[in-house]
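# What the coordinates show
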Amino acid sequence: MAEGSLGFHSVNPGFAWGRAAILGLALFAAGAQVILLAGLPLPFWLPLLLGMGVPLGWRGRVREGGAAPPLLAKMAVLLVGIVLALMVWGAVATLSREWDGFVSWEARARFFGPGAKLSDPWLGNSFVFAHSRSYPILQPLLGGFFDAALGPRWGRILLPLEFLILLRLLFEALADGTRQKTLAWIGTLSLALLPGFLSPGGGSVDSGYAELLLALCLLAAASALARRDIQLLIASTFLLPQAKPEGLPYLFLLLAILAFLPPRARPSLLLPACLGAAASLLLWLPLKARLTQSGTPFLASAALGLVLPMSFWGLGLGIQAMRARLGSQTRPWVILLGLLGLSLGLFLLGKSTLASPQQGVLTAYLRTLMDHGGRLREAPSILGHWILGLFQIRKIGILPLAFILVLLSPGLRKQVPLPLLCFGALGLLATLLAFFASPMVDLAAHMHSSLGRLLLQWTGVLSLIALWSLRKAPWLSSSPGSPQAGRAEAPEPSHPDPERQDEESSSPPRPSDL
Amino acid sequence: MCFHRPMSPSRSKLLFGLFAGQILFGLSRLPHAVLWKRWHRIEQMRAKGPLEFHLGFVDLDTREAIRRLREETAKNSVILFHGSWRGPIEFAAPLLYPRVLLSAHRLPDLRLRTFMGRPVGRLDFGGKKEVVLLESTEKKLRLLPERRGK
């Protein structure tokens, strides 16, 4: 079969290995940080933890559904293969050819290979020059171990490998969630050919930037929300702050969405998400304090790492109790009041804790908000640049346009689980709001250099939402390539939004065959 | 939100069409934007080497400073630096690896031959071997003898 030729189904038909890779990544990141915090050198066997995702995720399956037209599947495999071959060539031909890839992400990979420990000059001494000292270390950790095993050039094969996992994860989410292989292949192909990932420049697959890794973590979180996959949700909320600094606000966004949605729209999702986030910050914040030598005591940063995410769980319980008192109907002012309270709480917390001078890039954004009240005066310019940025077809294709079309079409919108829809919409909005706190003097230059990359991080999520909305398109279901046979063999997945279950099948919730 | 409106075939087909368009657009960019431009960049970097490729935008003295440090100091040495943490110094750090760039004021005594278990970087200035200081601004790098007010 064509699908087998790229290894998509070669090990075990239906084995969700993209999902297993995310679980392995989370284990690897957790193990490395525990060892570093214990003051021990990173052992050579650490990558074995990546493989632990396989037994952990073995039960995760991509169920058989409507098959894609054979020509589409064959073409897709061929094109994805060509694209991957191009990216492997681009990655291993030289060291990074892009600014941040060369000076930051790849340079830091040299510090985090086997044997690295916190007492090394680059890691333990903030007077030694090390670029982006406060940045998350997952990509440098992976790079360090790949470099140690394969050499600095062939070690860069990590980058196309991350791209392959991104494509596979989207394929799995769409094939399993929509039961339409046609949609899964279309999504995989459109993401595989996205100009922002392929054209040379910052953010492309072989640039060495961590945009790809963050896009992977965001897609994993979105996939977990869509399929109510608890295991994947814990892993992805763990990974979000480990990929890039902006992963932390995105994580809080996800937790806020789950806290504010009524429990019937996000059953059993809030607590696992908070636990994954707490585990991540419990490790990362103390480690970051050590790397930046901010002077924050271990216990203080660990406590912050625990309290911040778990406060969203408390918030969720509080809102639930308030709803019970006020009636089942969600009142807009309750949400508004909660959002204001949450913003104020985070603002005060940020002011007192995160905003110490050594804390890094997020601090700079917070300080702009605190000292200057943000850049509200430049709102028209920011908005104008952002709207233009949404239509950068040469970077992010038609994805924002497709997403807006879904938002404006009730028939399409209702197909998408509410937490996923909110995650995409607010994530897109976050790429706008970030610039109101921009610490850069030249705002236009900042937007020009960063907006495209911020939007690129959300392309997997936007692809998933837009194609998920087509899962019940009548012309698609009745096409010869997507017979109903698969549906007869396996029960229809319950609609992830129980609010809408009455109009659809009522089979029990299925957290992705876990 | 309205949950009872049926899916509009025209909108769903439009959405599907957008994805088909994106695939075709992506395909059309493969030969030039993806393959040719990448090949050109790779050839440039291979021909020039990482130093000239990444620091082509700065003055010759900056590149010469990095080249001299690479050629005339031990690979594991500590190089003192002073000034901006932005600009060409960002490239200097990976280009000089595994040498360590250390804020100059952290070296307690200029007479020390080693620090942090590594030799302190020295260069020949006017026939005399002295501790070298890499002075960094956002635009350039310069090599000076570190004399601490002398």
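## A short note on unusual backbone geometry
Look at the link from B:Tyr97 to B:Pro98: it is a cis peptide, with omega at 10°. The residue B:Pro98 is located in the loop between helix H3 (88–96) and strand S2 (100–103) in this model. A positive phi angle, close to 55°, is found at A:Arg228, a residue other than glycine. In this structure, A:Arg228 sits in the loop between helix H11 (211–227) and helix H12 (230–243).

## What about helix H15 (residues 298–326) of chain A?
All names here are of chain A. With 29 residues, H15 ought to run about 42 Å at 1.5 Å a step, and its terminal C-alpha atoms sit 42 Å apart, in line with that. Maximum bend of H15: about 25°, positioned at Met310. Among the residues of H15, those classed as buried are Ser301, Leu304, Gly305, Leu308, Pro309, Phe312, Leu315, Gly316 and Ile319.

## Details of the domain arrangement of chain B
Taken domain by domain, chain B consists of domain 1 (10–49) and domain 2 (60–145). Here the C-alpha centroids of domain 1 of chain B and domain 2 of chain B sit 42 Å apart.

## Some details on the confidence of the model for chain B
All names here are of chain B. Averaged over every residue, the pLDDT of chain B is 91; residues scoring 70 or more account for 95%. Across chain B, the secondary-structure element scoring lowest on mean pLDDT is strand S3 (residues 114–115), at 90, and the one scoring highest is helix H2 (residues 60–72), at 96. The ipTM for the predicted assembly is 0.92, set against a pTM of 0.89.

## Some details on the interface of chain A and chain B
Interfaces are often sized by the accessible area lost when the parts come together. Taken together, the contact between chain A and chain B spans 45 residues of the former and 48 residues of the latter. At the level of elements, helix H4 (70–93), helix H5 (99–109), helix H9 (181–192), helix H10 (195–198), helix H20 (399–408), helix H21 (410–413) and helix H25 (474–477) of chain A are the ones that each hand at least two residues to the side of chain A that touches chain B. In terms of residue class, the side of chain A that touches chain B is built from 30 nonpolar, 8 polar and 7 charged.

What counts, and at which threshold
Residues numbered from 1 in each chain as written. Chains lettered and ligands numbered in written order. Predicted model: local features only at pLDDT ≥ 70, side-chain atom pairs only at ≥ 80, totals over all residues. Helix = DSSP H or I, 4+ residues; strand = E, 2+ residues; numbered from the N terminus. Expected span 1.5 Å × (residues − 1). Bend = angle between axes of the 7 residues up to and from the residue. Buried ≥ 20, exposed ≤ 12 C-beta atoms within 10 Å, placed from the backbone. Domains from an automatic or database assignment. pLDDT = per-residue confidence, 0-100. Contact = placed C-beta atoms within 7 Å. Nonpolar A, V, L, I, M, F, W, Y, C, P; charged D, E, K, R; others polar.

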